[in-house]
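Each chain, letter by letter, is given below.
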Amino acid sequence: MKKMEQIELERITGGASPWLGVLVAAGIVFAAGIIEGLVHPRICET
């Protein structure tokens, strides 16, 4: 097996972007809000 040099290690890319995690979390929160609104509707208080 070839030992990789530091420069080669820095060039390796992969994995999920941090923005992907943020996007997934935002989608889950949005969907939970929609479900919450359907299950527990509230009357608008003005």
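Computed from a predicted model, the values in this text were never measured in an experiment.

About the thresholds
- Residues numbered from 1 in each chain as written.
- Predicted model: local features only at pLDDT ≥ 70, side-chain atom pairs only at ≥ 80, totals over all residues.
- Heavy atoms only, no water.
- Helix = DSSP H or I, 4+ residues; strand = E, 2+ residues; numbered from the N terminus.
- Buried < 20%, exposed > 50% of the residue type's maximum accessible area, 1.4 Å probe, protein only.
- Patch = residues over 30% accessible without salt bridge, like charges linked within 9 Å, V, L, I, M, F, W, Y side chains within 5 Å.
- Areas by Shrake-Rupley, 256 points an atom, 1.4 Å probe, with all protein chains shown as cover.
- Salt bridge = Lys/Arg side-chain N within 4 Å of Asp/Glu carboxyl O.

Colleague: Talk me through the overall build of the protein chain; I want residue IDs and the actual numbers.
Modeller: Looking only at helices and strands, one finds two helices and zero strands in the protein chain. Structurally, the protein chain occupies a C-alpha span of about 70 × 20 × 5 Å along its principal axes. Across the 46 residues of the protein chain, 0% fall into the buried class.

Colleague: Got a sec to walk through the environment of Pro18? Specific residues and values, please.
Modeller: Positionally, Pro18 belongs in helix α2 (residues 18–39). For Pro18 and Arg42, which are 24 residues apart along the polypeptide, the C-alpha to C-alpha distance reads 35 Å.

Colleague: Mind laying out a nonpolar patch on the surface, listing which residues take part and the relevant values?
Modeller: Residues Phe30, Ile34, Ile35, Leu38 and Val39 make up a contiguous nonpolar surface patch of about 550 Å² in total accessible area. Relative to the assigned elements, Ile35 resides in helix α2. Judged by relative accessible area, Ile35 falls into the exposed class, the value being 52%.

Colleague: Could you give an account of the environment of Glu10, naming the residues involved and the relevant values?
Modeller: Along the polypeptide, Glu10 turns up in helix α1 (residues 6–11). For the pair Glu10 and Val22, spaced 12 residues apart in the sequence, the C-alpha separation amounts to 25 Å.

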